[in-house]
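Given next are the chains, with one letter for each unit.
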Amino acid sequence: MKLKIGDRLIKAGVADEAQIERAIARQKARGGRLGENLVELGFISEDIAAQFIYKAPPPITSLKDTGLSQIFLADLLLKIAFYHSIFSVRELIDLIKIPPSLINDLLNYLRVEKYVEIKGGEGHLITSLNYTLTESGRSRANVLLEQNNYAGPAPVTLEQYTERVCYQTIRSIVMDEQIINAGFTDLVLKNDLFDQLGPAINSGKSIFLYGPPGTGKSSVAKDIANLFKDEIFVPYSIYTHGQIIQVFDNVSHEPSPKDTGSCDARWVLCERPAVTTGGELTLKMLDLNFNPVSKFYEAPLQLKANNGVFIIDDFGRQLISPIDLLNRWIVPLETEQEYLTLYTGQKFTVPFDVLIIFCTNIEPRDLVDEAFLRRIRHKIKLDHISRQEYLEILEINCEKNFIKYHQQVADYLVEEYYLKHNRPLAPVHPRDIIDHILDYARYWRTEPVFSKKTIDMAWKTYFIESVGSPKSKKVPL
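These numbers come from a predicted model, not from an experiment. (Residues numbered from 1 in each chain as written. Predicted model: local features only at pLDDT ≥ 70, side-chain atom pairs only at ≥ 80, totals over all residues. Heavy atoms only, no water.)

Novice: With reference to specific residues and values, describe the pairing of strand β9 (residues 267-271).
Specialist: Two faces belong to every sheet, and in a regular strand the side chains alternate between them. Most of β9 is tucked away: 4 of the 5 residues are buried. Here strand β6 (residues 231-235) pairs with β9 via 5 bridges, running antiparallel. Counterpart to Phe233 in the pairing with β9 is Leu269. (Buried < 20%, exposed > 50% of the residue type's maximum accessible area, 1.4 Å probe, protein only. Helix = DSSP H or I, 4+ residues; strand = E, 2+ residues; numbered from the N terminus. Pairing = 2+ DSSP bridges.)

If you want it as C-alpha cells, here you go:
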C-alpha cells in the first residue's frame, strides 16, 4: 500500500516512483517512516523530508479538505441540532469538529432550505448568533435520525484514515537494547529473554508468549505495550460506502492532554492503544458491529488497536477454537491489511497495523500445528526462574509497596514452601504473596510486615488443596 507522502513527493518532482517503491521496500524490511527511509537511501535530504511530512492532520480550510459532501455535513449538523433547542456556531464547533467558516456555510445553506432560523445572539460576531430548527428542520432531522442515529463529530474518510494509519505505523518505532531494558524495571528477566523480546517488538507483527502458569506472560505483554511512549491521532469515526464506523472510545483510547494546535479536529491525539482481551473473545468481536437501533457501526477490536498493541490473553481458552482465530488473521498478518464487511455485503479494506501478542500457558502444539505457528513471527517461552531471580523480584515488590525486606524471611519462604516440596519458582508468586500481606494489614489496620507469620498466612490463602485429598498437591488459583 503506497503512502500518500510518496504521491506528494512524486507530484513535486522531488522523487520518482522507482525511488518511492525502493524506500517502501526498505521500510518493510527495516522499519521507520517512509521519509526516513528515503533519506537513508540518499534520495532526498532531511530538510526536504520535513517539508512533506505532516506531523498532525492538516487543518480543514475548505469543504474539499473534509472529503465529505455538503449535504452529508448539513444532515449531520441537523441531527446534532435536533438535541439542542437553541445552538450557536461556537457550540457547534465543539460538537461537529469542523471550523466555524464551514459551519457558517452549512447554516446558510440550511437557512435557504428553511431548516434553521436565527434566534438572536450576543454581540455582532457570526459565532455568537443563536440558531434553532424550524418545524421543517425538526421533521427533516427526525427522518435522518431514523436512517442512523449518529450525531457526533464529523467522520474522516476511509482514504484519510488509511493515509494516517500508514504514516503513524507502529512498525516505524525502533527500540534498542537500552529502551527495552528500561521498560521492564519491575520484572527480572534473563538477558537472553531481552534479546528475544527486542527484535520481536521491532517487527511490529506478532508475538507468541508461552510457558507454565505464573511465569509473567501477561505482565510482559503489558510492559511491551507500555514501551510505546509516542502519540498518534485516532479519528472519532470513519465514513465509507455511505456508512459510519465509530472508532474512538474512552476504553480503548487514552486522549493526550497536549495542545495539538491548529489541526483537523476530527482526530484525537492519543497514546498508542493497548487493547486487551481474554477468554471472552469471539469472532463476532473481530467484525464490524452494526447496531440495528442506532444504525451505525462500532469498529472491531483490532481496528481500535491500529497503530498499537492487541493482547490476546489466555489464548486457547476462548469460546472459539485457536485455529478459527488464527485463520481470521492469516492474511492480515502477511499483507498488513484486512477486509471488513458491511451488513449490506459490501467489502472494503482497512490497514492492519497491530502488534498482536498471544499469551498462553497451554502447550503450543496442543493449540495449533506447526504450519500455523510459523505464521506467528516470534515465539518466546517464559519459564520458571532461579532462586536468585525469585529473591530479586521479591525484594522489588517489597520496596514498591514500602515494606521492609528481610533476607532471612525470604530464605524461609523459598526453603519452607518451595524447596521442601520441590515446587518450581514462578515469577508471579512474589507479587501475589506481597499483595496478600497488604490485604491482611488493611484488615488488621496495621503496617504491612514481611515476616514468617505473614508469609504463612499469605501462603494459606494463596494456594488451595484438592477437596478430599489429605496429601493433595497445592496449586495457585
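Novice: Quick one: what's the story with the sheet that holds strand β16 (residues 354-360), residue by residue and with numbers?
Specialist: The strand order β10-β13-β16-β5-β17 describes an open sheet built from 5 strands, whose pairing is parallel. If you trace the sheet from one side to the other, it starts and ends with β10 (274-277) and β17 (378-381), each paired once. Sheet twist, expressed as the average angle between the axes of neighbouring strands with direction ignored, equals 15 degrees. By the bridge criterion, 4 bridges tie strand β5 (residues 206-210) to β17 in an arrangement that is parallel. What sits directly across from Ile207, in β17, is His378. Set on the sheet, helix α13 (residues 217-226) makes contact with β5, β10, β13 (308-312) and β16; between it and β16 the angle comes to about 165 degrees. Taken strand by strand, helix α15 (residues 322-335) contacts β5, β13 and β16, and its axis lies near 150 degrees from that of β16. (Axes fitted to C-alpha atoms, helices over the stretch in contact; angles between N-to-C directions. Contact = heavy atoms within 4.5 Å.)

Novice: Lay out the sheet that holds strand β4 (residues 156-157) in plain terms, naming residues and giving numbers.
Specialist: Two orientations exist for strands paired in a sheet by backbone hydrogen bonds: parallel and antiparallel. Spatially, β4-β7-β8-β12-β11 is the arrangement adopted by the 5 strands of the open sheet, whose pairing is mixed. With one partner strand each, in any of the chains shown, β4 and β11 (289-290) form the two edges of the open sheet.

Novice: I'd love a proper account of the environment of Asp75, names of residues and values included.
Specialist: Among the secondary structure elements, Asp75 is positioned in helix α6 (residues 70-82). Given a relative accessible area of 16%, Asp75 falls into the buried group. Along the sequence, Asp75 and Ala151 sit 76 residues apart, while their C-alpha atoms lie 9.5 Å from each other. Beyond its immediate chain neighbours, meaning those up to four positions away, Asp75 contacts Arg140 and Leu144.

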